[in-house]
Number of protein chains: 2
Amino acid sequence: MSRREKTRQTGQESLRDSVLGGDLIFLLARANALTLAAANAVLAQHGLKARSYSVLALAADDARPTQRELAEFLRLDPSQVVALVDGLEKRQLIERRTDPADRRANVLVATDAGRDLFAQAQESARAVELGLLATVTPEDHERLAELLRLLAFPD
Amino acid sequence: MSRREKTRQTGQESLRDSVLGGDLIFLLARANALTLAAANAVLAQHGLKARSYSVLALAADDARPTQRELAEFLRLDPSQVVALVDGLEKRQLIERRTDPADRRANVLVATDAGRDLFAQAQESARAVELGLLATVTPEDHERLAELLRLLAFPD
DNA sequence: CATGAATCGTTGAAAATGTCAATTATTTGT
DNA sequence: ACAAATAATTGACATTTTCAACGATTCATG
């Protein structure tokens, strides 16, 4: 054992007992960083990231969102949505259809291949989520989702 | 009212009822984006961001963390910590002290000015956190923090 | 106690993300 | 009919992330 670990009163483990350990904003940031990394790692098997997975999910869900709705929902700049949609469309997973009710807008629709891929990716995503919360009761899992919804959609 | 809103069955409001609305990873990302933005907005009054606030918090807390411990705790690359510490040190809010037990490492300590600024910033941060969870009971607030700790520190 | 392997902070470069202003096509309000 | 507003796109620019390399120091092992 190193001299350092013998002498130091406080190590990295104790940092979580500092003020930040009770700081919701910090906890949210760290929890997000870890879960995002886990999600990206498993989604990479399907050639997706959390971002493209989200776009594909909404297109496959028959919500028929416009790019602007997507941008707002995912908290992205509209120009970032262009790039994401470009990528998925090039892979023939989704299509842009000009909204007949507003020909300025594009409505996004998943192709059959897109739906297939999403179904697979969704299983992986679910597995990650369950793995992350393996130590928690289903009730607490749902309670967490409920509370996060409050933060994510403050009406 | 536009033709569009009259005809479309699904708008941006309904997106949250889609698959993603139950996706913990997405909810975390969106909740994090919103709270981070709120925190950054108010911390800007003190010349801080969430990142620099976190570094200052840990330095002011007498945890005497090394830069490496900070990097791990905040999930940052060590080189990003260098930049953050540079900024705070230039403003005389914290100091680098070479750890006598390991002369490769720098231990971070807050100056008196740093502690003062942190005390002020902390009040702002607390106010933001309470504002974000204003609609929630203190018990649920604590429950949320507890569940996030599980995700943020999976031991 | 000498020496090779590992670790800490730092630098710099490259890639990915985020932000913003301008443009075209279309729609809205009057 | 016409001015103002909105959707998507492009391109420029800043910020953030990621990675490899380096000098200084410490560690593990013989």
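Residues numbered from 1 in each chain as written. Chains lettered and ligands numbered in written order. Predicted model: local features only at pLDDT ≥ 70, side-chain atom pairs only at ≥ 80, totals over all residues. Heavy atoms only, no water.

A look at the protein's contact with DNA strand C
- In the region of DNA strand C, 19 residues are neighbours, and Gln80 of chain A together with Gln67, Arg68, Arg96 and Arg104 of chain B sit closest.
- The sugar-phosphate portion of DNA strand C accounts for 71% of its atoms within 4 Å of the protein, the bases making up the rest.
- Measuring from a phosphate oxygen of DNA strand C, one finds a side-chain N or O atom of Gln80 of chain A at 2.5 Å.
- Contact between DNA strand C and Arg104 of chain B: a base oxygen at 2.5 Å from a side-chain N or O atom of the residue.
- Top contributing element to the surface near DNA strand C by residue count: helix 6 (residues 78-90) of chain B, with three residues. (Near = heavy atom within 4 Å. Polar contact = N/O pair within 3.5 Å; in protein donor to acceptor, adjacent residues only side chain to side chain. Helix = DSSP H or I, 4+ residues; strand = E, 2+ residues; numbered from the N terminus.)

Comments concerning the protein's contact with DNA strand D
- As a structural note, the neighbourhood of DNA strand D is formed by 19 residues, with Gln67, Arg68, Arg96 and Arg104 of chain A together with Gln80 of chain B the closest of them.
- Counting only the atoms of DNA strand D within 4 Å of the protein, the fraction contributed by sugar and phosphate is 71%.
- In the model, a base oxygen of DNA strand D is placed 3.4 Å from a nitrogen or oxygen of the Arg104 of chain B side chain.

Examining helix 8 (residues 138-152) of chain A
- The end-to-end C-alpha distance of helix 8 of chain A is 21 Å, a good match for the 21 Å that 15 residues give at a rise of 1.5 Å each.
- Within helix 8 of chain A, the full set of buried residues consists of His141, Leu144, Ala145, Leu147, Leu148, Leu151 and Ala152 of chain A.
- Lining the buried residues of helix 8 of chain A we find helix 3 (24-43) and helix 7 (112-132) of chain A together with helix 3 (24-43), helix 7 (112-132) and helix 8 (138-152) of chain B. (Expected span 1.5 Å × (residues − 1). Buried < 20%, exposed > 50% of the residue type's maximum accessible area, 1.4 Å probe, protein only. Contact = heavy atoms within 4.5 Å.)

Don't take any of this as a statement about function, it's just geometry.
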